[in-house]
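Structural characterization, general
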Amino acid sequence: ITTMNFITARYSEFIFHRLDFSLDDHDFIMIFSEAVMLAGGGTSSFSNEDVGFIIPENTYEIKFDRAENFHNDSYFELPTTQYRKLIYKSLMRLGSALNILIMNHYHSFKPRLYLSVAVNTRLKLLYDRLLLTHREFSIPIEIKKNIGEGGRGYAIKTPRFYDTAA
């Protein structure tokens, strides 16, 4: 990761922050999009019942993918054979990079909650493994996993989740 300069943009009513980064010969894009709260509670991805608490304002949904997939509208596809496979050590470095990016986003934008969904079983297995191996974050957090449809969702409560003045 060479820079922590988030690109902030607006698309209609959606506000998002984007950061591009590379690992080995893979370029990635990580997007933090401000969750749109539904009138009945929850977001388009999760209901309050899914997560077991009331989803607060200042919640962000996290997504990341290889830049090639993002640009080709072929989201979450495996890399073609021209790219090296991410071996175990590379996947652990990817987990460390994601941890750093989430923590830097938190320090820059102070969200109360992050939500994420693994779009397939392969990604769910990766996220679960990363949670086991990367337990130390630079801020105290509480992670709730196996939520939402198919149990592929995650909720990350930040210290501001409990801050009633936020």
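Residues numbered from 1 in each chain as written. Predicted model: local features only at pLDDT ≥ 70, side-chain atom pairs only at ≥ 80, totals over all residues. Heavy atoms only, no water.

Brief notes about the pattern of salt bridges
In total, this model carries five salt bridges according to the counting rule given. Here R66 and E68 are joined by a salt bridge, their closest N and O atoms 2.4 Å apart. By relative accessible area, which is 25% here, E68 ends up partly exposed. In this structure, the salt-bridge partner of K124 is D128, at a minimum N-O distance of 2.9 Å. Residue K124 and its partner D128 are both found in helix α4 (residues 121-133); the two are separated by four residues, about one turn of the helix. In this pair, the class of K124 matches that of D128, namely buried. (Salt bridge = Lys/Arg side-chain N within 4 Å of Asp/Glu carboxyl O. Buried < 20%, exposed > 50% of the residue type's maximum accessible area, 1.4 Å probe, protein only. Helix = DSSP H or I, 4+ residues; strand = E, 2+ residues; numbered from the N terminus.)

Concerning the nonpolar core
Ranked by size, the top nonpolar core spans 27 residues in total, and within it F21, M30, F32 and Y114 carry the most contacts. Sort the elements by how many residues they give to this core and helix α3 (residues 88-109) lands first, with eight residues. When residues no more than four places from it in sequence are discounted, the contact partners of Y114 are F32, Y60, I62, I102, H105, Y106, Y154, A155, I156 and T158. Listed in part, the nine residues of the second largest apolar core include F46, V51, L113 and L115. (Core = buried A, V, L, I, M, F, W, Y, C linked by side-chain atoms within 4.5 Å. Contact = heavy atoms within 4.5 Å.)

Some thoughts on unusual backbone geometry
A positive phi angle, close to 65°, is found at N58, a residue other than glycine. Looking at the element boundaries, N58 is found in the loop between α1 (48-51) and β4 (59-66). Of note in the backbone geometry, N146 takes a positive phi value of approximately 60° without being a glycine. Locating N146 in the fold gives a position in strand β6 (residues 142-147).

Thoughts on the packing of aromatic side chains
One pass over the full model with this rule turns up nine aromatic pairs. With a centroid separation of 6.4 Å and an interplanar angle of 40°, the aromatic rings of F64 and Y127 are classed as tilted. One end of the pair, F64, is in strand β4; the other, Y127, is in helix α4, with 63 residues separating them in the sequence. With a relative accessible area of 9%, F64 lands in the buried category. Judged by relative accessible area, Y127 falls into the buried class, the value being 12%. An aromatic cluster of three or more residues is present, and its members are F21, F28, F64, Y127 and Y154. Its end group placed over the ring of Y106, K110 keeps NZ or CZ at 6.0 Å from the ring centre. Here K157 stacks its cationic end above the ring of F53, 4.3 Å away from the centre of that ring. (Phe/Tyr/Trp six-rings, centres within 6.5 Å; stacked < 30°, edge-to-face > 60°. Lys NZ or Arg CZ within 6 Å of the ring centre and 35° of its normal.)

No statement about biological role is implied by the geometric values presented.
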